[in-house]
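Results of the structural survey
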Amino acid sequence: MSTSKNTLIAPSVLAADFANLQRDIEMINNSEADWFHIDIMDGVFVPNISFGMPVLQAISKHAKKTIDVHLMIVDPDRYITTFKNLGADILTVHYEACTHLHRSLQAIKAEGMKAGVAINPHTNVTLLEDTIKDIDLVCLMSVNPGFGGQSFIENTYKKVKQLKEIISRNNATTLIEIDGGVTNQNAKQLVEAGADVLVAGSYVFGATNPTATIANLKEITQ
Ligand code: DX5
Ligand code: ZN
């Protein structure tokens, strides 16, 4: 049965082959993917370091679709202007890393970017009730942030439904993005629960045919 909505697919570049980055970027450009999902990790907020500014600059030079940057770093306010200059269209900060979340959201929008908030698996969606109208995108972490290739946490379905209810009740236009462990096994159920954007890293890049895998994710979620 068709869900008749345009679910967006955002391959996570974290799972790309960094020795063949341009090839993998062109694969996304030429696929049915909607966004580039870019994971920035600082080794402090999360126990891993991914890549930083020069790599994102190189990606931006070739990427022809929306660049969705997921900052897993402490004190993200320090880098808002930097990421705008590096080509970010959407900048997502972690709820758990922002003492003054509302101020961070305003600062991201003042730079002309869409403002996103990511929440860890342990963070309750009701904490976003008072800022939901200021948030363009909520990134629900369906794994603990820091690594690709982890198993999907089933409690996420419940969180999507709760968040969808908060968004509707506030007449907000916030998109719900799911990040971590997304495959063809959970994609449709996530969209039926209310998800708008699905991030997929290892499922896409670990496939024999990443382009076909993206097309399949797109097809089963419309
Ligand atoms: C995890 C990252 C994810 C990751 C998803 O901290 O935020 O975006 O790349 O990778 P998979 O799809 O392999 O779980
Ligand atoms: Zn991510």
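Residues numbered from 1 in each chain as written. Chains lettered and ligands numbered in written order. Predicted model: local features only at pLDDT ≥ 70, side-chain atom pairs only at ≥ 80, totals over all residues.

1. A word on the UniProt feature "active site" (unreviewed entry) in the protein
What UniProt calls "active site" (unreviewed entry) maps, in this numbering, to Asp39 and Asp179. Separation in sequence by 141 residues is not matched in space for these annotated residues, since their most distant C-alpha atoms are only 10.4 Å apart. For Asp179, the position within the fold is in strand β7 (residues 175-179). Among all residues touching Asp179, those that are not within four sequence positions of it are His70, Cys139, Met141, Ser142 and Val199. (UniProt positions renumbered as here; feature names shortened; annotations may be inferred. Helix = DSSP H or I, 4+ residues; strand = E, 2+ residues; numbered from the N terminus. Contact = placed C-beta atoms within 7 Å.)

2. A look at the sheet that holds strand β6 (residues 137-141)
On the basis of which strands lie adjacent, the open sheet formed by eight strands has the order β1-β8-β7-β6-β5-β4-β3-β2 and parallel pairing. In this open sheet, the two strands that pair with only one neighbour each are β1 (8-11) and β2 (35-41). On average, each strand axis in the sheet is inclined to that of its neighbour by 25 degrees, with strand direction left out of account. Where β7 meets strand β8 (residues 197-200), three bridges bridge the pair, whose relative direction is parallel. Note that in β8 the partner of Asp179 across the bridge is Val199. (Pairing = 2+ DSSP bridges. Axes fitted to C-alpha atoms, helices over the stretch in contact; angles between N-to-C directions.)

3. Looking at the UniProt feature "binding site: substrate" (unreviewed entry) in the protein
Here, the residues flagged by UniProt with the feature "binding site: substrate" (unreviewed entry) are Ser12, His70, Gly146, Phe147, Gly148, Gly149, Asp179, Gly180, Gly181, Gly201 and Ser202. Within the secondary structure, His70 sits in strand β3 (residues 66-72). A residue is classified by how many C-beta atoms lie within 10 Å of it, and His70, with 28 of them, is buried. Once residues within four sequence positions are removed from consideration, His70 is found in contact with His37, Ile38, Asp39, Ile40, Thr92, Ala118, Cys139 and Asp179. Turning to its location among the elements, Gly148 is positioned in the loop between β6 and α5 (156-169). The contact partners of Gly148, leaving out residues within four places of it in the chain, are Ser12, Leu14, Ala15, Gly201 and Ser202. (Buried ≥ 20, exposed ≤ 12 C-beta atoms within 10 Å, placed from the backbone.)

4. Considering α5
Along an α-helix, a turn takes 3.6 residues, which lines up residues three or four apart on a common side. Its 14 residues place the ends of α5 20 Å apart at the C-alpha level, agreeing with the 20 Å of an ideal helix rising 1.5 Å per residue. Every buried residue belonging to α5 is among Thr156, Lys159, Val160, Leu163 and Ile167, and all of these are buried. Relative to the axis of α5, the buried residues are bounded by an arc of 100 degrees and lie together on one face. Turned more than 90 degrees off the buried face of α5, the exposed positions are Lys158, Glu165, Ser168 and Arg169. In this fold, the buried residues of α5 make contact with β6, β7 and α6 (187-193). Asn171 sits one or two residues past α5 and shows a positive phi near 50 degrees. (Expected span 1.5 Å × (residues − 1). Arc of directions from axis to C-beta.)

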